[in-house]
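Chain by chain, the residues:
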Amino acid sequence: MKILVIGALGQVGSELVGVLQEKYGLDQVIASDIRDEAPANWRYEKLDVLDKDGLRKLVIDEKIDWIFNLAAMLSATAEQNVDFAWKLNMEGHLNTLNLAKEGIIKRLFWPSSIAVFGPSTPKDQTPQRTIMDPNTVYGISKLAGERWNAYYHEKFGVDVRSIRYPGLIGWKSLPGGGTTDYAVDIFHQARKTGSYESFLDEHTALPMMMMEDAVRATIEIMEAPDNEVKVRESYNLSGTSFNPDELTKEIKKHLPDFSISYAPDNRDIIAQSWPHSIDDAEARKDWGWNHKYGISELVVEMLEHI
Ligand code: AKB
């Protein structure tokens with residue numbers, strides 16, 4: 001089994017690579033990204049997912065079986081770079097889908113996001129199938145990507161697997177350019193200065209997940225037998241859900257002097273269009289998903305390591 005992780009130096013990739021190396025062996029996992037440098041113990045190739053020929057050559061030369069394509073521009077940054085975000089998120093995805101269509105790789109993981117939902121989507125326990133009217137370029141690219149997944153699976157039998165990630169929270173890596181980034185920044189500032197200015201309103205609740213759960217879900221859906229993966233566009237996936245005020249109260253249980261202030265910006269407008277919580281019954285039923293971290297376990301874990 002030979003695995004390629006694209007976008008390996010990002011928030012998810014930098015944790016996923018280590019877990020894959022432990023499971024499948026150091027030599028079996030090739031990490032790639034657009035930066036020059038990577039951790040010394042990685043097999044690393046500098047690669048841009050938009051470089052179709054370079055990607056194809058690497059995949060053929062290394063006889064890659066599975067790709068995890070994590071290269072994307074997240075919601076907040078994408079709003080500042082609309083054209084490039086669309087190009088990266090869409091063309092990058094199609095480049096890997098086409099390798100699967102040609103039978104060059106056997107299986108593809110591509111993350112979707114809660115950003116596929118929009119202002120008219122029911123906010124609480126958002127179902128797997130419902131109104132989807134994303135109003136960010138990131139959300140539009142993720143919804144289009146989901147439709148490509150379903151299309152490539154139906155028409156060409158492509159084995160593509162996907163999860164709608166909620167906000168991801170971890171201590172080993174930093175997020176970059178998302179609307180949910182506050183829930184990681186807050187822990188670093190709590191330790192550094194004892195206070196935090198939130199760019200989301202105190203009552204803006206979002207679905208969130210501990211990185212360890214997200215990495216485990218990513219590997220579990222890829223390892224699931226083919227017949228268990230019934231939703232090919234992308235699965236709803238839930239861990240926990242909270243707003244900045246609830247997170248602050250939980251942090252204060254451990255750091256009583258911690259304080260928060262609020263200066264909501266345009267990221268709060270994006271967050272207001274997303275669900276508060278997610279119904280992930282289908283992932284639980286189809287391939288046995290079960291989260292481990294609720295808000296209190298998540299806060300303990302973050303404060304233990306930061
Ligand atoms: C973002 O905030 O853009 C991401 C996401 C929810 O997909 N973390």
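Model, not experiment: these values are computed from the prediction. (Residues numbered from 1 in each chain as written. Predicted model: local features only at pLDDT ≥ 70, side-chain atom pairs only at ≥ 80, totals over all residues. Heavy atoms only, no water.)

Draft legend 1. Representation of the packing of aromatic side chains. In the structure shown here, the tally under the stated rule is twelve aromatic pairs. Here Phe 68 and Phe 109 contribute two aromatic rings whose centre-to-centre distance is 5.9 Å and whose plane-to-plane angle is 40°, an arrangement assigned as tilted. Taken as a pair, Phe 68 in strand 4 (residues 66-69) and Phe 109 in strand 5 (residues 107-109) lie far apart in primary sequence, 41 residues in all. Between Trp 148 and Tyr 152, the ring centres sit 6.1 Å apart and the planes meet at 75°, which makes this aromatic pair edge-to-face. One end of the pair is Trp 148 and the other is Tyr 152, both in helix 5 (residues 137-156) and four residues apart, which spans about a single turn. What links up through ring pairs into an aromatic cluster is the set Tyr 24, Trp 66, Phe 68, Phe 109 and Tyr 165. The positively charged end of Lys 101 is found above the aromatic ring belonging to Phe 156, 4.5 Å away from the centroid. When the ring centre of Phe 199 is taken as origin, the NZ or CZ atom of Arg 267, which lies over that ring, is 3.6 Å away. (Phe/Tyr/Trp six-rings, centres within 6.5 Å; stacked < 30°, edge-to-face > 60°. Helix = DSSP H or I, 4+ residues; strand = E, 2+ residues; numbered from the N terminus. Lys NZ or Arg CZ within 6 Å of the ring centre and 35° of its normal.)

Draft legend 2. Expanded view of the sheet that holds strand 13 (residues 240-242). One open sheet accounts for three strands, arranged 9-11-13; its pairing is mixed. Pairing within the sheet leaves two strands with one partner each, and these edge strands are strand 9 (167-169) and strand 13. For this sheet, the mean angle separating the axes of adjacent strands, direction not counted, is 40°. Here strand 11 (residues 206-210) pairs with strand 13 via three bridges, running antiparallel. Within the sheet, the bridge partner assigned to Leu 206 lies in strand 13 and is Phe 242. Against the sheet, helix 7 (residues 211-223) touches strand 9 and strand 11, its axis set at about 80° to strand 11. (Pairing = 2+ DSSP bridges. Axes fitted to C-alpha atoms, helices over the stretch in contact; angles between N-to-C directions. Contact = heavy atoms within 4.5 Å.)

Draft legend 3. Representation of the nonpolar core in the model. In this structure, Leu 4, Ile 67, Ile 169, Tyr 182, Phe 187, Phe 242 and Leu 247 are the most contacted members of the largest nonpolar core, which totals 60 residues. Looking at which domains feed residues into this core, each of domain 1 (3-166 + 209-236) and domain 2 (168-208 + 239-305) gives three or more. In contact with Leu 247, not counting residues within four places along its chain, are Tyr 182, Ala 183, Ile 186, Phe 187, Phe 242, Ile 295 and Val 299. If you look at the next biggest cluster of nonpolar residues, it comprises 35 residues, including Ala 8, Leu 16, Ala 31 and Trp 66. (Core = buried A, V, L, I, M, F, W, Y, C linked by side-chain atoms within 4.5 Å. Buried < 20%, exposed > 50% of the residue type's maximum accessible area, 1.4 Å probe, protein only. Domains from an automatic or database assignment.)

Draft legend 4. Quick peek at the domain arrangement of the protein. Examined at the domain level, the protein breaks down into domain 1 (3-166 + 209-236) and domain 2 (168-208 + 239-305). The C-alpha centroid of domain 2 is placed 22 Å from the C-alpha centroid of domain 1. Residue-level contacts link 43 residues of domain 1 with 40 residues of domain 2. In this assembly, domain 1 packs against domain 2 so that about 3700 Å² is buried in total across both faces, 57% of it on carbon and sulfur atoms. Applying the counting criterion to the domain 1 and domain 2 interface returns two salt bridges. Here Lys 292 makes a salt bridge to Glu 212, at a shortest N to O gap of 2.9 Å. Linking domain 1 with domain 2 are 24 residue pairs in polar contact (both at pLDDT 80 or more). (Buried area = accessible area lost by both parts, 1.4 Å probe. Salt bridge = Lys/Arg side-chain N within 4 Å of Asp/Glu carboxyl O. Polar contact = N/O pair within 3.5 Å; in protein donor to acceptor, adjacent residues only side chain to side chain.)

Draft legend 5. A look at the side chain of Ser 32. Among the structural elements, Ser 32 can be located in strand 2 (residues 29-33). Residue classification places Ser 32 among the buried positions, given a relative accessible area of 0%. Residues contacting Ser 32, with those up to four places away along its chain left out, are Leu 4, Val 5, Ile 6, Gly 7, Ala 8, Tyr 44, Glu 45 and Leu 47.

Draft legend 6. Quick peek at the pairing of strand 4. Across the two faces of strand 4 the burial is the same, with Trp 66 and Phe 68 and Ile 67 and Asn 69 all buried. As judged from the four bridges shared by strand 1 (residues 3-6) and strand 4, these two strands associate in the parallel manner. Across the sheet, residue Ile 6 finds its bridge partner in strand 4, namely Asn 69. In this structure, strand 4 lies alongside strand 5, joined through three bridges in parallel fashion. When the sheet's bridge partners are listed, Trp 66 is paired in strand 5 with Arg 107.

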